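One-letter residues, chain by chain:
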Amino acid sequence: MRQQKITRIMIQTKPRLDALAAVWLLQNTEAGEKKYPGVTDARIEFWDTGTMSPDGKTWQEYLKEGTLLIGVGGGPFDEHPSKDFGDRKAEKLSATMLVAIELGLEKSQLFKQLIAMVTENDLKPVASKDSLPNIVKIMHRTVDDPRKVIAFASEAIDALIGSQAQFIEAVKEFRAKATVKTITAPDGTKCRVGFIESDNPQIWAAARYCDNDLAALVQRRQSGRVAIFGNQHGLGEKMNRIVGAIRRAELI
């Protein structure tokens, strides 16, 4: 049976980051639009009666009408206890995770960090006052229009996913373009150093991810500027030794 075009998404009146991240996945991925045609442009409305339906309709009836319920109504994307699905929180599931599983995105390298962060914060008390989930919660106390909170959260998620996409690209770039050499400092210390031409600001993070034994990375940007990053915490290498080793190798 073909899915009815989605024209409306309903969430809590003061939605937590969990519901907002779930909506983001639905409206900002090809998988969301493919599974639920029209969801990209669906309007967001608010549900203020908890799990209970305000008009007696079931989640199935809402879906047939083109309304997707997130975190409310006892449907497939409601993590609260319901007669159809039980208590999803007891299974350590969030609305975001439920949507991700439905769309086949839960293991995606691009989205899995967001999904894990949101799910952990939804299941446990917020550990950090300046975390995004807590900021969203605080904003509902001080901002009178929940759509402003939604807009803020959406931009924050855009940035998180954009950063992760940049990191994934940096990993690919390091593996494809970097040269790694073992060089010797004047005092005889040997260390592994990577060399790469790249403008990606996350190339050093990608280098550490790809090669834990890397003592340093020399990054040359298109502008000609050169930056040297040292792995002092991981390997205990002092930057003066690393620079000395690089200079010795240059002279040789």
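It should be noted that the structure appears before, not after, this text.
Residues numbered from 1 in each chain as written. Predicted model: local features only at pLDDT ≥ 70, side-chain atom pairs only at ≥ 80, totals over all residues. Heavy atoms only, no water.

A. Geometry of the pairing of strand β7 (residues 226-230). Across 5 bridges, strand β6 (residues 214-220) lies against β7 in antiparallel orientation. Among the inter-strand pairings, Leu217 is bridged to a residue of β7, identified as Phe229. (Pairing = 2+ DSSP bridges. Helix = DSSP H or I, 4+ residues; strand = E, 2+ residues; numbered from the N terminus.)

B. Summary view of the layout of surface pockets. Taken as a whole, the second largest pocket spans an internal volume of roughly 230 Å³. If you trace the second largest pocket, you find 16 residues lining it, with Thr51, Lys57, Thr58, Gly73 and Lys83 closest to the centre. The element best represented in the lining of the second largest pocket is helix α3 (residues 59-64), accounting for 3 residues. When its residues are assigned to classes, the lining of the second largest pocket shows 5 nonpolar, 8 polar and 3 charged. (1 Å grid on protein atoms, 1.4 Å probe; cavity = no way out; pocket = protein on both sides within 12 Å on 5 of 7 lines; lining within 4 Å. Points joined across faces, edges and corners; volume = space filled by probe spheres on them. Nonpolar A, V, L, I, M, F, W, Y, C, P; charged D, E, K, R; others polar.)

C. Expanded view of helix α4 (residues 95-103). Counting buried positions along α4 yields 7 of 9 residues, so the element is predominantly enclosed. Turning to α4, its buried residues are Ala95, Thr96, Met97, Leu98, Val99, Ala100 and Leu103. Looking at the packing, one finds that the buried side of α4 touches α1 (17-27), α2 (30-35) and α5 (112-123). Downstream of α4 by a residue or two, Gly104 has a phi angle that is positive, lying close to 75 degrees. (Buried < 20%, exposed > 50% of the residue type's maximum accessible area, 1.4 Å probe, protein only. Contact = heavy atoms within 4.5 Å.)

D. Expanded view of the sheet that holds β7. In space, the 4 strands of this open sheet follow the order β4-β5-β6-β7, with mixed pairing throughout. Looking at strand neighbours, the two that pair on one side only are β4 (179-184) and β7, the edges of this open sheet. Across the sheet, the axes of successive neighbouring strands diverge by a mean angle of 25 degrees, strand direction being ignored. Of the strand pairs in this sheet, β4 and strand β5 (residues 190-197) are connected by 6 bridges, and their pairing is antiparallel. (Axes fitted to C-alpha atoms, helices over the stretch in contact; angles between N-to-C directions.)

E. Just helix α7 (residues 146-177), in detail. End to end, α7 covers 46 Å across 32 residues, agreeing with the expected 46 Å (1.5 Å per residue, within 8%). The opening residue of α7, the one whose side-chain oxygen lies 2.9 Å from the backbone nitrogen of Arg147, is Asp145. (Expected span 1.5 Å × (residues − 1). Polar contact = N/O pair within 3.5 Å; in protein donor to acceptor, adjacent residues only side chain to side chain.)

F. Molecular detail of the pairing of strand β1 (residues 8-12). With 5 of 5 residues buried, β1 lies mostly within the body of the structure. Examined bridge by bridge, β1 and strand β2 (residues 43-47) share 5 bridges and lie parallel to one another. By the bridge assignment, Arg8 is partnered in β2 with Arg43. Bridge count for β1 against strand β3 (residues 67-69) is 3 bridges, and the pairing is parallel. The residue of β3 that forms the bridge with Arg8 is Thr67.

G. The arrangement of the nonpolar core in detail. Counting residues in each nonpolar core, the largest one holds 47 residues, and the members touching the most others are Ile9, Ile11, Tyr36, Leu68 and Ile70. Leaving out residues up to four positions away in the same chain, Ile9 has contacts with Val23, Gln27, Val39, Ala42, Arg43, Ile44, Glu45, Leu68 and Ile70. In this structure, Ala170, Ile203, Ala206 and Ala207 belong to the second largest nonpolar core, which totals 11 residues. (Core = buried A, V, L, I, M, F, W, Y, C linked by side-chain atoms within 4.5 Å.)

H. Inspection of the sheet that holds β1 at higher detail. With parallel pairing, the 3 strands of this open sheet are ordered in space as β2-β1-β3. A single partner strand is all that each edge strand has here, and the edge strands are β2 and β3. Across this sheet, the average inter-strand angle for adjacent strands is 30 degrees, counted without regard to direction. Along the sheet, α1 contacts β1, β2 and β3; its crossing angle with β1, the most-contacted strand, is approximately 165 degrees. Of the strands in this sheet, β1 and β2 are in contact with α7, which crosses β2 at around 125 degrees.

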